[in-house]
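Coordinates in review
Residues per chain are reported as follows:
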Amino acid sequence: MSAPRRPSDPSGLERYYVLTGGRSGPGGSASSLDVATLVVARAAPLPGMQHEHEEILRRCRDPLSVAELGAHLGLPFNILAVLLSDLLDAGRVEARNPIPAHEAGRGPDLALLEEVLSGLERL
């Protein structure tokens, strides 16, 4: 049998409510975030900043995907997106869509794919 949870224990949904100020989703520029979006800090944490905002800025010194950041912080996507929205609006982080492989020169070789398809059709 587990001990009853203290009312002042900010865990679970209550914690998320406090972290986001009651907001359930991001607004503005953060509404296009997805799990593959790369986030990079553009400023250092300020004294008195919310702990989670500080942690995001520390971890994103080098680009980090939203999915990786959420795993490190143990936060669900929608909660993290609200926090990132705050930082984006303040100009403290930058969000970048990842470069698709075909645009980065690492995409599939169409000639090779056509040869494979042709070989499969002959089977």
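Before reading further, recall that the structure is shown in the block above.
The structure displayed is predicted, hence computed values, not measured ones.

**Some words on the overall build of the protein**
Scanning the protein for helices and strands turns up 5 helices and 3 strands. When the helices and strands of the protein are placed in sequence order, the string is α-β-α-β-α-α-β-α. Of all 123 residues assigned to the protein, the portion counted as buried reaches 28%. A separation of at least 24 residues holds for 69% of the contacts in the protein among residues at least 6 apart in sequence. When the accessible surface of the protein is split by element, carbon and sulfur atoms take 57% of a total near 8200 Å².

**Digging into the pattern of salt bridges**
Opposite charge on two side chains allows them to pair when their charged atoms are near. Applying the stated criterion to the full structure yields 5 salt bridges. Two residues, E94 and R42, come together in a salt bridge whose shortest N-O distance is 2.8 Å. Placement of the pair is E94 in strand 3 (residues 93-96) and R42 in the loop between strand 1 (38-41) and helix 2 (51-59), with a sequence separation of 52 residues. What makes E94 partly exposed here is its relative accessible area of 31%. Overall, the relative accessible area of 46% leaves R42 in the partly exposed class. Residue R59 pairs with E55 through a salt bridge whose shortest N-O separation is 3.0 Å. Within this pair, R59 and its partner E55 are both found in helix 2, separated by 4 residues, close to a single helical turn.

**Focus on the packing of helix 2 against helix 3 (residues 66-73)**
Running from N to C, helix 2 and helix 3 cross one another at 125°; their axes reach a closest spacing of 11 Å. The angle between helix 2 and helix 3 falls in the class oblique. The handedness of the crossing between helix 2 and helix 3 comes out as right-handed. Contacts from E55, I56 and R59 of helix 2 reach helix 3 at L69, H72 and L73. Here the residues of the contact of helix 2 with helix 3 sort into 3 nonpolar, 1 polar and 2 charged.

**Section: the nonpolar core**
Core analysis: the biggest nonpolar cluster contains 21 residues, and I56, C60, L69, L75, L80 and L84 have the highest contact counts within it. Those elements that provide at least two residues to this core are strand 1, helix 2, helix 3 and helix 4 (77-89). Among the elements that take part in this core, helix 4 stands out by supplying 7 residues, more than any other. Those residues in contact with I56 that lie beyond four places of it in its chain are L69, L73, L80, L83, L84 and L87.

**Things to note about the sheet that holds strand 2 (residues 64-65)**
Read across the open sheet, the 3 strands follow the order 2-1-3; overall the sheet is antiparallel. Each edge of the open sheet carries a strand with a single partner, namely strand 2 and strand 3. Relative to strand 2, strand 1 runs antiparallel, the two sharing 2 bridges. Across the sheet, the residue bridging to V39 is L64, located in strand 2.

The rules behind each value
- Residues numbered from 1 in each chain as written.
- Predicted model: local features only at pLDDT ≥ 70, side-chain atom pairs only at ≥ 80, totals over all residues.
- Heavy atoms only, no water.
- Helix = DSSP H or I, 4+ residues; strand = E, 2+ residues; numbered from the N terminus.
- Buried < 20%, exposed > 50% of the residue type's maximum accessible area, 1.4 Å probe, protein only.
- Contact = heavy atoms within 4.5 Å.
- Areas by Shrake-Rupley, 256 points an atom, 1.4 Å probe, with all protein chains shown as cover.
- Salt bridge = Lys/Arg side-chain N within 4 Å of Asp/Glu carboxyl O.
- Axes fitted to C-alpha atoms, helices over the stretch in contact; angles between N-to-C directions.
- Parallel < 35°, antiparallel > 145°, perpendicular 65-115°, else oblique.
- Left-handed = near helix turned anticlockwise from the far one by under 90°.
- Nonpolar A, V, L, I, M, F, W, Y, C, P; charged D, E, K, R; others polar.
- Core = buried A, V, L, I, M, F, W, Y, C linked by side-chain atoms within 4.5 Å.
- Pairing = 2+ DSSP bridges.

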